[in-house]
Amino acid sequence: MLERKSEWDKTFAKIGRSPLYITFTGGEPFLRKDTADIVISAYNHCRPNVITIPTNGILTKRVLQQVENICENCTKSKIGINLSLDAIGEEHDKIRRVPGNWKKAMQTWQGLKQLQKRYDNLVLTTHTVISKYNIDTFFEIYEGLQFLEADSFITEIAEERVELDTIGWDITPTAKKYAPIADFLSEKANQSPAKGIAKLTQSFRSQYYQLAKQTLYKGRQIIPCYASWASCQIAPNGDVWSCCIRAESVGNMREHDYDLRPIWQSHDMAKLRKSIYNQECACPMANASYANMILHVPTVMKVIINTLTR
């Protein structure tokens, strides 16, 4: 595991200013006491436009302290904190298998809302993972979360992932059950009163839900996937993956003096890219999907038309 901050410093320094968007994900990122230090290191070396961090909200004091530190030191990046809420009250605790999760998450949310009054670069989002455990009550969950007055509400389809130790869990909902939810979310995104960049973002979100629906129905890539070209993931042990769904290492940062370039240009990465290009995989993962949409001209045109006409 890349435990020492110095390792992350070297990694980000050699990546440089190319990333537009960096996500620090988990499990729970704030289990690490040095998460803020690592995020600030990424900001200082890479200066991404957006930094996002999901959290289950359990470690209230640590989350608030670290988010404040991040906002204070990463002033030119939008800092998106996504609070994961998969149901309301005790039902959320059952799904997450953590008694008291909901109560602690609400305390964390209240603290984050107070921080937002001081930091205009802090964006607060509620995030629901749609799985077989909550898909039948999704519309009640959606309504039940409105009182939080989040800057935005986002969802993602539950998938089996190596990093989350959910392989074999059979948690992904069927396309038939997800379809009306996708249509509902697309409609809500299109009805958003947002303006400017926020309006464009909502249009992309509307398109994403439809892509996710079609991916589940057809079991193939609906638009080309550019994971390993436009994006990648560095695993906790330093392995480089195209994405967290395939989770196939094409090299380790430690073995290349924390320099991503030789891994990016390697034969193994080229082989993985060819596999993705040949559509040997397909998934509705949100992070990769948004990058894919931005690079897919027909989708961008749909988004622009939608933004201008609604």
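In case you missed it, the structure is sitting above this.
Structure report, in brief. (Residues numbered from 1 in each chain as written. Predicted model: local features only at pLDDT ≥ 70, side-chain atom pairs only at ≥ 80, totals over all residues. Heavy atoms only, no water.)

## Considerations on the overall build of the protein
The number of helices and strands found in the protein is 12 helices and 7 strands. Relative to the 2.2 N^0.38 estimate, which gives 19 Å for 310 residues, the radius of gyration of the protein is 19 Å and therefore close to what a compact globule would have. When its C-alpha atoms are laid out on the principal axes, the protein stretches across 50 × 45 × 40 Å. Here the protein holds 310 residues, and the buried ones make up 50% of them. Counting only contacts in the protein whose residues sit at least 6 apart along the sequence, the fraction spanning at least 24 positions is 73%. Surface summary for the protein: the accessible area is close to 15500 Å², and the carbon and sulfur share equals 53%. Of the charged side chains in the protein, 39 are positive and 33 negative, and the gap between their average positions amounts to 5 Å. (Helix = DSSP H or I, 4+ residues; strand = E, 2+ residues; numbered from the N terminus. Rg over C-alpha atoms; globule rule 2.2 N^0.38 Å. Buried < 20%, exposed > 50% of the residue type's maximum accessible area, 1.4 Å probe, protein only. Contact = heavy atoms within 4.5 Å. Areas by Shrake-Rupley, 256 points an atom, 1.4 Å probe, with all protein chains shown as cover. Lys, Arg positive; Asp, Glu negative; His and termini not counted. Charge placed at Lys NZ, Arg CZ, Asp CG, Glu CD.)

## Here we look at the pairing of strand β2 (residues 50–55)
Taken across its 6 residues, β2 has 5 buried, putting it largely inside the fold. The pairing of strand β1 (residues 21–23) with β2 spans 3 bridges and is parallel. In the strand pairing of β2, T23 is matched with T52. What joins β1 to β2 is helix α2 (residues 35–46), and the crossover it makes is right-handed. In terms of strand pairing, β2 meets strand β3 (residues 78–84) through 6 bridges, oriented parallel. Paired with T55 across the bridge in β3 is L83. Taken together, β2, helix α3 (residues 60–73) and β3 form a β-α-β motif whose crossover is right-handed. (Pairing = 2+ DSSP bridges. Right-handed = clockwise from strand over helix to strand, strands pointing away.)

Everything listed is a geometric property; what it means functionally is a separate question.
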